[in-house]
Amino acid sequence: MRIGAILTVSLALVACGSAESEPAQPVENSRPGTNPLLERFDDVVLVVDANGLGGYQKEPLRFGAAREDVEAVAAAAFDSAGETSRNEECGAGPMDFSQHGPLSIAYQDGRFAGWFLREGKGVVTSDGIRPGVSNMESVKAERDVRELDTTLPGEFEYTTPDFGTIRGFAEDGRITALQAGLSCFFR
């Protein structure tokens, strides 16, 4: 009974709305990736979230998806194949990467493993955050942000509206990069 009450209260709080001031899209008209927070950017071709990425207004591919599928989506979004590289010395083991605009996509054993987003056009998080545009003050006002004590300056993480975790880097209050999934950072 107690667990049911906690779940009911939790669901009621989630249903009450978000910290965003813009109204949500009606359910019957919703499409994957449609969100007023994204529509303020007129150049979005890819949307990333705590669990993967997808073309704008398309179903996302999740971590673990085949590299070929992820590369096809990214190449179609940017009208070109990505530049590829490999690092044999990542903490999680050897990783392959492809660079599409400001987005670096990480693969391990032929599977989508993570992403790293720098400042640039074409890519935004599903909750409307873009490096170089978004600042820490606004993100802290709307989300649970934790500053991390690592050897990487300005590292933080926040909980997304769908209860995932995205890590990032900030400098002088400005978000400079975001990351989810596996990375090849040396801490």
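The helix and strand inventory of the chain stands at 4 helices and 12 strands. Each of the 187 residues in the chain was classed as buried or not, and the buried ones make up 41%. Taking the contacts inside the chain whose residues are at least 6 apart along the sequence as the reference set, 46% of them involve residues at least 24 apart. Surface accessibility of the chain: about 10500 Å² in total, with carbon and sulfur atoms responsible for 53%.

For the rest of this paragraph, the subject is the confidence of the model for the chain. Chain-level pLDDT for the chain is 82 on average; 79% of the residues reach the 70-or-more range. Between residues 1-33, whose pLDDT stays under 50, and residues either more than four places distant or in other chains, the model counts 19 contacts.

If you look at the biggest cluster of nonpolar residues, it comprises 26 residues, and the most contacted ones within it are Leu 103 and Trp 115. Elements supplying a minimum of two residues to this core: β1 (46-49), α3 (67-78), β6 (103-108), β7 (111-118), α4 (136-142), β10 (155-159), β11 (165-171) and β12 (174-181). Once you skip the residues sitting within four places of it in the chain, Leu 103 turns out to touch Leu 46, Val 48, Leu 53, Ser 98, Trp 115, Phe 116, Leu 117 and Val 123. Cys 90, Phe 97, Ala 106 and Ala 113 belong to the second-largest nonpolar core, a separate cluster that totals 6 residues.

This part takes up the sheet that holds β6. Spatially, β4-β5-β6-β7-β12-β11-β10-β9 is the arrangement adopted by the 8 strands of the open sheet, whose pairing is antiparallel. A single partner strand is all that each edge strand has here, and the edge strands are β4 (83-87) and β9 (145-147). Ignoring strand direction, the axes of neighbouring strands in this sheet form an average angle of 25 degrees. With 3 bridges connecting them, β9 and β10 associate as antiparallel partners. Looking at the pairing, Val 145 lines up with Tyr 158 of β10.

Criteria and cut-off values
Throughout, a residue's number is its position along its own chain's written sequence, starting from 1. Local features in a predicted model are, by the rule used here, given only for residues with pLDDT of at least 70; side-chain atom pairs are given and counted only at 80 or more, and totals for whole chains, interfaces and linings are based on all residues. Only hydrogens and water are set aside when side-chain values are computed; all heavy atoms of the structure are taken into account. Helix and strand definitions follow DSSP, with helices as H or I runs of at least four residues and strands as E runs of at least two, each counted in order from the N terminus. Only protein chains enter the accessibility calculation, which uses a 1.4 Å probe; a residue is then buried when its area is under 20% of its type maximum, exposed when over 50%, and partly exposed in between. Here, two residues are considered to be in contact whenever any of their heavy atoms come within 4.5 Å of each other. Areas reported as accessible are Shrake-Rupley estimates using a 1.4 Å probe. Residue values count occlusion only from the protein chains shown. As a per-residue quantity, pLDDT reports the predictor's confidence and falls between 0 and 100. Residues enter a nonpolar core if they are buried and are Ala, Val, Leu, Ile, Met, Phe, Trp, Tyr or Cys, with the set joined through side-chain atoms within 4.5 Å. One requirement defines pairing of two strands: DSSP has to find at least two bridges between them. Only the contacting stretch of a helix is used when fitting its axis, a line to C-alpha atoms as for every element, and angles between N-to-C directions run 0 to 180 degrees.

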